[in-house]
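Observations on the model geometry
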Amino acid sequence: MDPFSPEAMVQAQYTSVLNDYSTSDYSTSNRLPVQILQYRAQCALRQYDEVIGSISDSDARSTPDLAAVRTYASYLQKPSASAVQEAERLAEKEGDNLSVQLLCGTILARAEKAEQALQLLAKHTGSLDAVALTVQIHLLQNRTDLALQQAKSARSFAQDALLVNLAESWVGMRQGGEQYQKAFYVFEELAQSPASASAMSLVAQAVTELHLGRVEEAETALNAALEMEPENATALANKMVLDAVMGRDMVEARSKLERVDKEHEILADMVAKREAFQAAMAKYSPKFEP
């Protein structure tokens, strides 16, 4: 695995990013990129306190990359207006810095400031990480056309890169039809290869299997993902969906997800839909004919 490649993060190989490399093994000029990648892996593993505690105020003031990391970890730990404002400040002052583009762009996107995030990410120069994040934001905007345009444009500087194939597969999942099968081939290859196998690769494979109507195969992949990472929130959320599709009780999967991530979007969506249903019911009162 190349420590300078974004593919390890996209494949959710966070433990490998932390364990396989030491910043001391690299030249002074290359230590910071490896350190930033490791900080991102720690954030993905919810080790926010460790990340925040390891970056001093003076380091954050002198190094935009570290300032972006600390702001990113703080926001993920507890989203706040002050963290968003700091991300905006860094974006304005240090917008040409790749770490600022990626991490502050993520904060802005999560804070529903998608256009600001896209403007910041547009400053990148040949970053597949930035392309991947841009594609994800466009998909959240339901702009599949723009997401596909971004993925295709990346082929001009990264023709055979795995991340480009992944980006096109994400878009294909939105397009549906025969694109599900194409996406499946990509995710299955990732999930089955020892070099790229991860819980998230298995979840992606399971989701494509489910869209293709292969419920049993989807369950096998999800179970493998949960065996690898029992507290993987994305796997647990998809387990809830699978249980619903199969007509099973979702209580166990839901309770596990609530313990792992009580603010997960699928839980919030279920609460919002329940409240909307209750509000709709309140508008009507039953009438009984004598």
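Conventions used here
- Residues numbered from 1 in each chain as written.
- Predicted model: local features only at pLDDT ≥ 70, side-chain atom pairs only at ≥ 80, totals over all residues.
- Heavy atoms only, no water.
- UniProt positions renumbered as here; feature names shortened; annotations may be inferred.
- Helix = DSSP H or I, 4+ residues; strand = E, 2+ residues; numbered from the N terminus.
- Rg over C-alpha atoms; globule rule 2.2 N^0.38 Å.
- Contact = heavy atoms within 4.5 Å.
- Buried < 20%, exposed > 50% of the residue type's maximum accessible area, 1.4 Å probe, protein only.
- Polar contact = N/O pair within 3.5 Å; in protein donor to acceptor, adjacent residues only side chain to side chain.
- Core = buried A, V, L, I, M, F, W, Y, C linked by side-chain atoms within 4.5 Å.
- Expected span 1.5 Å × (residues − 1).

The name an unreviewed UniProt entry gives the chain is Coatomer subunit epsilon, with Friedmanniomyces endolithicus as the organism. One UniProt comment on the chain, placed under Sequence similarities (unreviewed entry), says "Belongs to the COPE family."

1. Quick word on the overall build of the chain
Looking only at helices and strands, the chain has 18 helices and zero strands in total. The C-alpha radius of gyration computed for the chain amounts to 21 Å, which stays within 12% of the reference 19 Å derived for 290 residues, consistent with globular compactness. Taken along the three principal axes of its C-alpha coordinates, the chain extends 85 × 40 × 35 Å. Contacts spanning at least 24 positions in sequence make up 49% of the contacts within the chain whose residues lie at least 6 apart.

2. Points about the side chain of Ser 198
Mapped onto the elements, Ser 198 comes out in the loop between α13 (179–192) and α14 (199–211). Residue classification places Ser 198 among the buried positions, given a relative accessible area of 4%. Side-chain polar atoms of Ser 198 contact the side chain of Ser 201, separated by 3.0 Å.

3. Considerations on the environment of Phe 187
Mapped onto the secondary structure, Phe 187 falls in helix α13. Sequence separation between Phe 187 and Val 207 is 20 residues; the distance between their C-alpha atoms is 9.6 Å.

4. A word on the nonpolar core
Ranked by size, the top nonpolar core spans 34 residues in total, and within it Tyr 39, Cys 43, Val 51, Ile 55, Val 69, Cys 104 and Ile 137 carry the most contacts. Where this core is concerned, the elements lending two or more residues are α3 (28–44), α4 (48–54), α6 (64–77), α7 (81–93), α8 (98–110), α9 (114–121) and α10 (128–140). In terms of residues, this core owes the most to one element, α6, which gives eight residues. Among the nonpolar cores identified, the runner-up in size contains 23 residues, and Ala 132, Leu 139, Ala 183 and Leu 190 belong to it.

5. What to know about α8
Look at α8: 18 Å from first C-alpha to last across 13 residues, which is about the 18 Å you get at 1.5 Å a residue. Within α8, 10 of the 13 residues are buried, which leaves it mostly tucked inside the rest of the structure. Three or more residues of α8 are buried, namely Ser 99, Val 100, Gln 101, Leu 102, Leu 103, Cys 104, Gly 105, Thr 106, Ile 107 and Leu 108. If you follow the buried residues of α8, they end up packed against α3, α6, α7, α9 and α10. Its side-chain oxygen at 2.9 Å from the backbone nitrogen of Ser 99, Asn 97 defines the N-terminal cap of α8. Trailing α8 by a residue or two, Glu 112 shows a phi angle of about 65°, which is positive.

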